[in-house]
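# Geometric and topological summary
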Amino acid sequence: MNGNRQHLRLKGCQALVTGALGGIGMAICDLFVAHGARVWLADLESADSDKARLALEQFGDAEYLRLDVTDRRDWDRAAARIGDRLDILVNNAGIAPTGEMEDLPLEQWQQVMAVNCQGAFLALATLASHLERAGKSNDRWASVVNISSILAMVGMSQASAYAASKGALRSLTKSAAMEFVQGERPIRVNSLHPGFVETEMTRAGSDAMSEAGDLLASLGRETPMARVGTPEEIAFAALFLASSESSFITGSELTVDGGWTAR
Ligand SMILES: NC(=O)c1ccc[n+]([C@@H]2O[C@H](COP(=O)([O-])OP(=O)(O)OC[C@H]3O[C@@H](n4cnc5c(N)ncnc54)[C@H](O)[C@@H]3O)[C@@H](O)[C@H]2O)c1
């Protein structure tokens, strides 16, 4: 994607995206770079892995951080490395174990809560000052985009832990937004709720939940728009929430689901 120089919506912005090497993360980084942002890609792979190296080659104006979102020390290291300001934070890292509640080990429940919700809490707690400095240094507020899910709003069998973690992330978003506004800190916080999108996560879930491995296809058929979404369609919504085009939106939620939750 080549950003037209006159329409660079994130020009001069510094952004950090977690889970950057996954399907939706890569699409968000790609679009943010195309719109003029300098992006920090954060994920579990080591910095000298092929995946991290190839991503950096692809994006050009980008840096890589090996960062486990559940680990406070990793966040402290990231805060020290990225300098004194951050305009955009996208809490996108996520995992989605599936299974019926009676079969789900407690450790898996705790891990999904740690990655999908605690990770965003640690990011906000560690980087609030960076975001505040960015928000105060120009006329645009800093922006945090929390990638939740439609499963924060509607239920699904075999997805209890995942859905609970995404519901918690939705609630965290609203209280964080209010805390920053009340503290007169120029930081907006919103959640983005994708429907079903074809990535490694849904391909793996589809294989695990369906013997025929065709769950993803049937979720597409069940979606009112009769297909699953693409990572790029989620990235465009993240771009809107990250850019100052959404300057009057905070504590809100944006659903991108082909109509799934409208029924
Ligand atoms: N794909 C969908 O249908 C869908 C729907 C709704 C919401 N989401 C959400 O979108 C986000 C991205 O998912 P995706 O579909 O691109 O999945 P993905 O599996 O392709 O990418 C997830 C990325 O998160 C990283 N990650 C996992 N644990 C981590 C940790 N502890 N620290 C840092 N990084 C970690 C993985 O390494 C991976 O690169 C997730 O939060 C997911 O829950 C996805």
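Residues numbered from 1 in each chain as written. Predicted model: local features only at pLDDT ≥ 70, side-chain atom pairs only at ≥ 80, totals over all residues. Heavy atoms only, no water.

## Remarks on the overall build of the chain
A tally of regular secondary structure across the chain gives 8 helices and 7 strands. Relative to the globule expectation of 18 Å for 263 residues, the C-alpha radius of gyration of the chain, 18 Å, shows essentially globular dimensions. When the backbone C-alpha atoms are referred to their principal axes, the chain occupies close to 50 × 40 × 35 Å. Total accessible area computed for the chain in this model is approximately 12,300 Å², and 51% of it derives from carbon and sulfur atoms. (Helix = DSSP H or I, 4+ residues; strand = E, 2+ residues; numbered from the N terminus. Rg over C-alpha atoms; globule rule 2.2 N^0.38 Å. Areas by Shrake-Rupley, 256 points an atom, 1.4 Å probe, with all protein chains shown as cover.)

## With respect to the domain arrangement of the chain
According to the domain assignment, the chain consists of domain 1 (11-194 + 230-255) and domain 2 (198-228). Contacts between domain 1 and domain 2 engage 13 residues on the former and 8 residues on the latter. For the pairing of domain 1 and domain 2, the buried interface totals around 700 Å² over both sides, and the portion due to carbon and sulfur atoms is 66%. Summed over the shared surface of domain 1 and domain 2, the result is 1 salt bridge. Where Glu 233 meets Arg 227, a salt bridge forms, and the shortest distance between an N and an O atom there is 2.7 Å. Listed by contribution, the elements that provide at least two residues to the side of domain 1 that touches domain 2 are α1 (23-34) and α8 (231-242). The residue inventory of the side of domain 1 that touches domain 2, partitioned by class, reads 6 nonpolar, 6 polar and 1 charged. (Domains from an automatic or database assignment. Contact = heavy atoms within 4.5 Å. Buried area = accessible area lost by both parts, 1.4 Å probe. Salt bridge = Lys/Arg side-chain N within 4 Å of Asp/Glu carboxyl O. Nonpolar A, V, L, I, M, F, W, Y, C, P; charged D, E, K, R; others polar.)

## Overview of the confidence of the model for the chain
Detailed reading of the predicted coordinates is not advisable wherever pLDDT is low. On average, the chain scores 95 in pLDDT, and the residues at 70 or more come to 95%. Across residues 1-5 the pLDDT falls below 50, and counting only partners more than four positions away or on other chains, this stretch makes 8 contacts in the model. (pLDDT = per-residue confidence, 0-100.)

## Re the site of the ligand
Neighbouring the ligand are 28 residues, the closest being Asp 43, Asn 92, Tyr 162, Val 197 and Thr 199. Separating an oxygen atom of the ligand from a backbone N or O atom of Gly 22 is a distance of 3.2 Å. Val 197 is positioned with one of its backbone polar atoms (N or O) 2.8 Å from an oxygen atom of the ligand. In the complex, the protein chains occlude 91% of the 830 Å² of accessible area that the ligand would expose alone. The set of elements that each furnish at least two residues to the shell around the ligand consists of α1, α5 (160-182) and α6 (200-209). Examining the composition of the shell around the ligand, we find that 3 residues originate from one element, α6, more than from any other. (Near = heavy atom within 4 Å. Polar contact = N/O pair within 3.5 Å; in protein donor to acceptor, adjacent residues only side chain to side chain.)

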